[in-house]
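Analysis of the macromolecular model
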Amino acid sequence: MSYTVEISSLATRQIKKLPPEIQIQVLAQLEELAEHPRPDDVTKLKGEDNTYRVRVKNYRVVYEIFDEQLIVLIVKVGHRREIYRK
């Protein structure tokens, strides 16, 4: 059962700003999320219903899972010191 990975416009802009080697690793992680939306190293964010985060070196990918539609929506991508700021 494979999920569809959708990337928000904000996350697309954030990915484009990352260093090239990190971009490659983030995109590889996104492909992995299509097959396994809840990998072993995933953390559910507190205070949110279906929001999770996964680590890629010092960067974080924040995403939501919609099991009914089989969609993984990438919400934000950024450095760990900036990603949780509102």
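Look up a bit, the structure's there.
These notes cover the structure that comes with them. (Residues numbered from 1 in each chain as written. Predicted model: local features only at pLDDT ≥ 70, side-chain atom pairs only at ≥ 80, totals over all residues. Heavy atoms only, no water.)

Let us now look at the layout of surface pockets. Considered as a void within the structure, the second largest pocket measures approximately 160 Å³ in volume. Forming the boundary of the second largest pocket are 13 residues, of which Gln14, Val77, Gly78, His79 and Glu82 lie nearest the centre. Elements with a contribution of two residues or more to the lining of the second largest pocket: α1 (9-17) and β5 (71-79). When residues in the lining of the second largest pocket are grouped by element, the largest group, 4 residues, is from β5. Counted by class, the lining of the second largest pocket contains 6 nonpolar, 3 polar and 4 charged residues. (1 Å grid on protein atoms, 1.4 Å probe; cavity = no way out; pocket = protein on both sides within 12 Å on 5 of 7 lines; lining within 4 Å. Points joined across faces, edges and corners; volume = space filled by probe spheres on them. Helix = DSSP H or I, 4+ residues; strand = E, 2+ residues; numbered from the N terminus. Nonpolar A, V, L, I, M, F, W, Y, C, P; charged D, E, K, R; others polar.)

This paragraph deals with the side chain of Arg60. The topology assignment puts Arg60 in strand β4 (residues 59-66). As a buried residue without a salt bridge, Arg60 has its nearest oppositely charged side chain in Asp41, at a separation of 9.2 Å. In this view, Arg60 contacts Arg53, Val54, Arg55, Lys76, Val77, Gly78, Arg80, Ile83 and Tyr84; residues no more than four positions away in its chain are not counted. (Buried < 20%, exposed > 50% of the residue type's maximum accessible area, 1.4 Å probe, protein only. Lys, Arg positive; Asp, Glu negative; His and termini not counted. Salt bridge = Lys/Arg side-chain N within 4 Å of Asp/Glu carboxyl O. Contact = heavy atoms within 4.5 Å.)

Before going further, it helps to examine the sheet that holds β4. If you walk across this open sheet you meet the 5 strands as β1-β5-β4-β3-β2, and the pairing is mixed. Edge positions in the sheet fall to β1 (4-7) and β2 (43-44), since each of these pairs with one other strand and no more. Most of the contacts of α1 go to β5, to which it runs at about 40°, and overall it touches β1 and β5. Its contacts with the sheet place helix α2 (residues 20-35) against β1, β3 (51-56), β4 and β5, and it is angled at close to 135° to β3. (Pairing = 2+ DSSP bridges. Axes fitted to C-alpha atoms, helices over the stretch in contact; angles between N-to-C directions.)

This part covers the pattern of salt bridges. Counted under the stated rule, the structure contains 2 salt bridges. Note that Glu82 is salt-bridged to Arg81, the shortest N-O span being 3.8 Å. Judged by relative accessible area, Arg81 falls into the exposed class, the value being 54%.

So, about α1. Residues spaced three or four apart along an α-helix point in a common direction, a consequence of the helix completing one turn every 3.6 residues. Buried residues of α1: Ala11, Gln14 and Ile15, and no others. One side of α1 carries all its buried residues, which in axial view fall inside an arc of 100°. In this structure, α1 carries Ser9, Lys16 and Lys17 as exposed residues pointing more than 90 degrees from its buried face. In this structure, the buried side of α1 is in contact with β1, α2 and β5. (Arc of directions from axis to C-beta.)

Taking 1.5 Å as the rise per residue, α2 with 16 residues should run 22 Å; its terminal C-alpha atoms sit 24 Å apart, in good agreement. Restricting attention to buried positions, one finds in α2 the residues Ile22, Val26, Gln29, Leu30, Leu33 and Ala34. Taken around the axis of α2, the buried residues stretch over an arc of 150°, which confines them to a single face. More than 90 degrees from the buried face of α2, the exposed residues found are Pro20, Ile24 and Glu31. (Expected span 1.5 Å × (residues − 1).)

By themselves, these are just geometric observations and shouldn't be taken as functional.
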